[in-house]
Amino acid sequence: MEKPVILLIKEIYYPILAAIGVPANVVTIVILYRGKCGLSNCISLIMSVMTTADLLVMIINVMVYHIFSYNFRLSFLHHTAMCQFVLYMTAVALDLSVWFTVFFTFDRFAVICCQRFKAKHCTKRTAAVVIAMFCVLIFFKDIPYFYGIEHQQIINKVQWGCQPSVTFLSSPLGTCFFWFHLTSLVWLPFTLILLFNCLTIRRITVASRTRRELRSHTTENKSDAEIENRRKSIILLFTVSGSFLLLWLTSVIGLIISGLVSINSYRGDRTNFGYLVTEIGTMLKFLSSCPNTFIYAVTQRKFREELKTLLKFPFTLILRFINKEGCTTSSSRHQSYAITLNLFVAFKRIVVYAFHNSLLENDSQIMTFRIKT
C-alpha cells in the first residue's frame, strides 16, 4: 500500500527544515551574544531569547518529535513516560516562541510610542526578570499535558506509545484546559500583536506627518536621522511579526476547521481536507521559527556585517594557519621539500623494482614452460 502524499512530503520537509533552521538560529544567537549589532541591551536580550525559543522548536518539535519519533518506532522515545515528556516540551517550546514574539512586538511599541515607559522599564534587567517569570509560568501552564496523554499498549509490563486521554479531554477540566491552551497559544497572541502593530503604525504616521510639516519650514535638505531610525525599526517589526502571523494563519484555519489539538494523532482518512489543512498548517507553523535570521540579515546592516564575518571565520582561520606555517624558516621549508622529494623517489623506485621483478618472474615461467614442452 502506497503512502499518502502528505506523509511523503513530511518525510522530506522536516529534515530539510531542521538542517536549515538549527544552524540559522545558532548563528543568530552567536551574533546577538557578541553585541556588535548596534541594538540596545533590552532588544538584544529579547531577540536572543526569541531565537533560543525558535531553536528549541527546531530541536524538540521538529527533530525529536517529527523526525526521530516518527522514524524510530521502537526507540526509547516511545516509552509512555518519555513520550509524555516530549509532548509536554513541544507545547512549552511552542508557547515560548509565540510569547517571545509578542514581547518583541510590545518592546518595539513601547520604544516608539511610550517614551516615559521606555526610559523607566525598557531595560535589560527588567526584561530578564519578566522573561524568567514568564518561562516559569509557561512550564506550570502546560503541566496538564501529562494528564491529557495516556499509554497505547502494555508490552511485558512496560507502557508504550501515547494517545489522547478520552477521559481527561471529555471532562470539564480537560475542556477548560483545551480552550485555555488554544486562547493562550493563538487568539491572545494574535490579538496583542495586531493591536501593538496598529498602535505603532498610528503613532508613527502622526509623528512623521508632524515632523515633515516642521521640516518643510526649513531650507535644510539633509536626511532626517530620526525618521531613518524609525523606518528601520518599523521594517524589522513588521517583517518579524508579519511573517509570524502569515505562517501561523493556516494553522489557525486548521484548528477552526478540524478542531484538532496539536497532541492528537489523526487516525482517519489522510486525504481528508481538514487533516491536510492541519498538517500543512503545522509545517508552516514550525517554519515561522526559521526565517528570523534571514529577516535580520536583510533589514539590519550591522547584523549582516556580523553574519559575513562569522561565515568567513572558518576560512580566515585556515588562511591564518597556512600563513603561520608559511612563516617558518627557509631551511625548514627546503628540508620539508627534500623529505617529500626523497619519499617520492623512494616510492618510484619501489614501484619500478616490483614491476621489474614481475617481468622476470613471467619470463622465467615462460622459459620453464618451453623447456618442459
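Residues numbered from 1 in each chain as written. Predicted model: local features only at pLDDT ≥ 70, side-chain atom pairs only at ≥ 80, totals over all residues. Heavy atoms only, no water.

K.L.:
Report on the pattern of salt bridges, specifying residues and quantitative values.
P.N.:
Across all of its chains, the model carries six salt bridges by this definition. Linking Lys-10 and Glu-279 is a salt bridge whose minimum nitrogen-to-oxygen distance equals 3.0 Å. Placement of Lys-10 in helix H1 (residues 5-34) and of Glu-279 in helix H9 (residues 273-287) is noted, with a sequence separation of 269 residues between them. No difference in accessibility class separates Lys-10 from Glu-279, as the two residues are buried. The salt bridge partner of Asp-107 is Arg-108, with a shortest N-O separation of 2.9 Å. (Salt bridge = Lys/Arg side-chain N within 4 Å of Asp/Glu carboxyl O. Helix = DSSP H or I, 4+ residues; strand = E, 2+ residues; numbered from the N terminus. Buried < 20%, exposed > 50% of the residue type's maximum accessible area, 1.4 Å probe, protein only.)

K.L.:
Describe in detail the environment of Phe-104, supporting the description with residues and values.
P.N.:
Along the chain, Phe-104 turns up in helix H3 (residues 80-113). For Phe-104, a relative accessible area of 0% translates into the label buried. Along the primary structure Phe-104 and Leu-45 are separated by 59 residues, whereas in three dimensions their C-alpha atoms are 9.9 Å apart. Setting aside its immediate chain neighbours within four residues, Phe-104 contacts Ile-43, Ile-46, Met-47, Met-50, Leu-236, Leu-237 and Val-240. (Contact = heavy atoms within 4.5 Å.)

K.L.:
So what's going on with the packing of aromatic side chains? Which residues, and what values?
P.N.:
Within the structure shown, the criterion is met by 15 aromatic pairs. Between Trp-99 and Phe-134 the ring centres are 5.3 Å apart and the planes differ by 50°, which places this aromatic pair in the tilted class. Highlighted residues: Trp-99 in helix H3 and Phe-134 in helix H5 (residues 124-141), separated in sequence by 35 residues. Note on Phe-103 and Phe-134: the rings are 5.1 Å apart at their centroids and 75° apart in plane angle, and the pair reads as edge-to-face. (Phe/Tyr/Trp six-rings, centres within 6.5 Å; stacked < 30°, edge-to-face > 60°.)

K.L.:
Would you mind going over the nonpolar core in detail, with residue names and values included?
P.N.:
Core analysis: the largest hydrophobic core is formed by 77 residues, its most contacted members being Val-62, Phe-100, Phe-104, Ile-131 and Trp-248. The element that contributes the greatest number of residues to this core is H3, accounting for 19 residues. In contact with Phe-100, not counting residues within four places along its chain, are Ile-46, Val-49, Met-50, Ala-53, Ile-131 and Cys-135. (Core = buried A, V, L, I, M, F, W, Y, C linked by side-chain atoms within 4.5 Å.)

K.L.:
Account for H9, with residues named and values stated.
P.N.:
The α-helix advances 3.6 residues per turn, and as a result positions three or four apart in sequence lie on the same side. Helix length check: H9 (15 residues) gives 21 Å between terminal C-alpha atoms against 21 Å at 1.5 Å per residue, within 8%. Those residues of H9 that fall on the buried side of the exposure criterion are Gly-274, Tyr-275, Val-277, Thr-278, Glu-279, Gly-281, Thr-282, Met-283, Lys-285 and Phe-286. (Expected span 1.5 Å × (residues − 1).)

K.L.:
Describe a nonpolar patch on the surface, and please don't skip the residues or the numbers.
P.N.:
On the surface, Ile-12, Ile-16, Ile-20 and Phe-294 cluster together into a nonpolar patch covering about 390 Å² of accessible area. Per-element tally for the nonpolar patch: the top contributor is H1, with three residues. Inspection of the secondary structure assignment puts Ile-20 in helix H1. (Patch = residues over 30% accessible without salt bridge, like charges linked within 9 Å, V, L, I, M, F, W, Y side chains within 5 Å. Areas by Shrake-Rupley, 256 points an atom, 1.4 Å probe, with all protein chains shown as cover.)

K.L.:
Tell me about the state of the cysteines, residues and numbers included.
P.N.:
As enumerated under the stated definition, the model contains one disulfide in all. Note on cysteine connectivity: Cys-83 is disulfide-linked to Cys-162, with sulfurs 2.3 Å apart. Taken together, the residues span a long stretch of sequence, with Cys-83 in helix H3 and Cys-162 in the loop between strand S3 (158-160) and strand S4 (163-164) at a distance of 79 residues. Each member of the pair, Cys-83 as well as Cys-162, carries the same accessibility label: buried. (Disulfide = S-S within 2.5 Å.)

K.L.:
Got a sec to walk through the confidence of the model for the protein? Specific residues and values, please.
P.N.:
Taken residue by residue, the protein gives an average pLDDT of 79. The fraction at 70 or more is 77%. Contacts for the low-pLDDT stretch residues 260-265, under 50 throughout, to residues beyond four places or in other chains number eleven contacts. In this model, residues 365-373 is a region of pLDDT below 50 whose contacts with residues beyond four sequence positions or in other chains number zero contacts. (pLDDT = per-residue confidence, 0-100.)

K.L.:
Explain the environment of Ser-97 to me, and be specific about the residues and the numbers.
P.N.:
Relative to the helices and strands, Ser-97 resides in helix H3. In this structure, the C-alpha to C-alpha distance between Ser-97 and Ser-289, residues 192 residues apart in sequence, is 7.5 Å. When near neighbours in sequence (up to four residues on either side) are disregarded, Ser-97 contacts Ala-53, Asp-54, Val-57 and Ser-289.

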